[in-house]
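Coordinate analysis (summary)
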Amino acid sequence: MSVLSSVGGAWPVFVQGMVLGLGLIVAIGAQNAFVLRQGLRREHVGSVVAFCAVADAVLITAGVLGMAQALGNRPMLARGLALGGAAFLAVYGWRALQRARQANALDVTNTGQGLSRGAALAQAAAFTLLNPHVYLDTVLLVGSIGAQQPAPLQGWFAAGASSASLLWFSALGFGARWLAPWFARPRAWQVLDALIGVTMWVLSLLLVRHAIAGL
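What this report covers is the structure whose coordinates are included nearby.

What counts and how
Residues numbered from 1 in each chain as written. Predicted model: local features only at pLDDT ≥ 70, side-chain atom pairs only at ≥ 80, totals over all residues. Heavy atoms only, no water. 1 Å grid on protein atoms, 1.4 Å probe; cavity = no way out; pocket = protein on both sides within 12 Å on 5 of 7 lines; lining within 4 Å. Points joined across faces, edges and corners; volume = space filled by probe spheres on them. Helix = DSSP H or I, 4+ residues; strand = E, 2+ residues; numbered from the N terminus. Nonpolar A, V, L, I, M, F, W, Y, C, P; charged D, E, K, R; others polar. Expected span 1.5 Å × (residues − 1). Buried < 20%, exposed > 50% of the residue type's maximum accessible area, 1.4 Å probe, protein only. Phe/Tyr/Trp six-rings, centres within 6.5 Å; stacked < 30°, edge-to-face > 60°. Core = buried A, V, L, I, M, F, W, Y, C linked by side-chain atoms within 4.5 Å. Contact = heavy atoms within 4.5 Å. Axes fitted to C-alpha atoms, helices over the stretch in contact; angles between N-to-C directions. Parallel < 35°, antiparallel > 145°, perpendicular 65-115°, else oblique.

By volume, the largest pocket amounts to about 690 Å³. Contributing to the lining of the largest pocket are 27 residues, with Leu 24, Tyr 92, Asn 131, His 133 and Asp 137 lying nearest its centre. If you list the elements that add at least two residues to the lining of the largest pocket, you get helix H1 (2-25), helix H2 (30-41), helix H3 (45-71), helix H4 (75-99), helix H5 (117-129), helix H6 (132-146) and helix H7 (151-174). Residues belonging to the lining of the largest pocket are distributed by class as follows: 14 nonpolar, nine polar and four charged.

Following this line, the structure appears as structure tokens:
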């Protein structure tokens, strides 16, 4: 009975982590374009997808555990980070809604010379690890939000956020042939950005409520 109740309590936390992860990762960017391009070429897709997903999982887990340890018994710091994260998500959501008003598309062409596995992984590493926003999103933002969860549920939150990366990169890489036409339609991105904007605002309100409840 205790196991079932534990899993039941963990599920919403897992979903919250997944939704946050998807909201942050689903965007027009160099990393997504590279994964999609490799999928179109059917070139080292598994290796590229695995690297991107594992890199995100490591950064997310390090962020959640590191933030949890740093916060410790510092409720004021935890509350400040929660409010800071809420502000960030509110701004992120606003920007997503602004993008939804514009006609943008992910331009991917199946051209250029093939890459060796090492070269493909080197490019994946550059797009993933040399982007400062990756650390802001995974280590700081996701880490600080995950650290707000009770200790037994922090792993579930990190697993949810990590699974979002795995699902998204797998869809991009292995579903490239079917997804590329969809990503080339500006209207599809407008709808997606609108959904992301609303989702980020909802998460922001939840963080504010969490911070206020701790007063």
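Once that is clear, we can look at helix H9 (residues 186-213). With 28 residues, H9 extends 41 Å between its outermost C-alpha atoms, agreeing within 8% with the 40 Å of an ideal straight helix rising 1.5 Å per residue. Among the residues making up H9, those that are buried are Ala 188, Trp 189, Gln 190, Leu 192, Asp 193, Ile 196, Gly 197, Met 200, Leu 203, Ser 204, Leu 207 and Ala 211.

Let us look at the packing of aromatic side chains. On inspection of all chains with the given rule, the structure shows four aromatic pairs. Centroid distance Trp 11 to Phe 14: 5.6 Å. Interplanar angle 15°. Geometry classified as stacked. You can see Trp 11 and its partner Phe 14 sitting in helix H1, three residues apart, about one turn around the helix. Using a relative accessible area of 54% as the deciding quantity, one classes Trp 11 as exposed. Owing to a relative accessible area of 16%, Phe 14 belongs among the buried residues under this scheme. One aromatic cluster is present, built from ring pairs that chain together Trp 11, Phe 14 and Trp 156.

A separate point is the nonpolar core. Of all hydrophobic cores here, the largest spans 43 residues; its most connected members are Leu 20, Leu 89 and Phe 169. Excluding residues that lie within four positions of it along the chain, Leu 20 makes contacts with Leu 89, Val 142, Ile 145, Phe 157, Met 200 and Leu 203.

Along the chain, Ala 188 turns up in helix H9. A relative accessible area of 8% means that Ala 188 is categorised as buried. Taking C-alpha positions, Ala 188 is 9.4 Å from Ala 100, a pair spaced 88 residues apart along the chain.

Here the focus is the packing of H2 against H7. Across the interface, H2 lies against H7 with an axial gap of 6 Å and an inter-helix angle of 45°. If you check the angle between H2 and H7, you find them oblique. Taking contact as the criterion, the partners of Gln 31, Asn 32, Val 35, Leu 36 and Gly 39 in H2 are, on H7, Trp 168, Phe 169, Leu 172 and Gly 173. Residues of the contact of H2 with H7, tallied by class, amount to five nonpolar, four polar and no charged.

With that out of the way, let us pick up empty space enclosed by the protein. On inspection of all chains with the given rule, the structure shows one cavity of 30 Å³ or more. Of the voids in this model, the largest cavity is the one considered here, and its volume is about 40 Å³. Lining the largest cavity, in full, are Gln 16, Leu 20, Leu 89, Ile 145, Leu 203 and Leu 207. Of all the secondary-structure elements, those providing two or more residues to the lining of the largest cavity are H1 and H9. Counted by class, the lining of the largest cavity contains five nonpolar, one polar and no charged residues.

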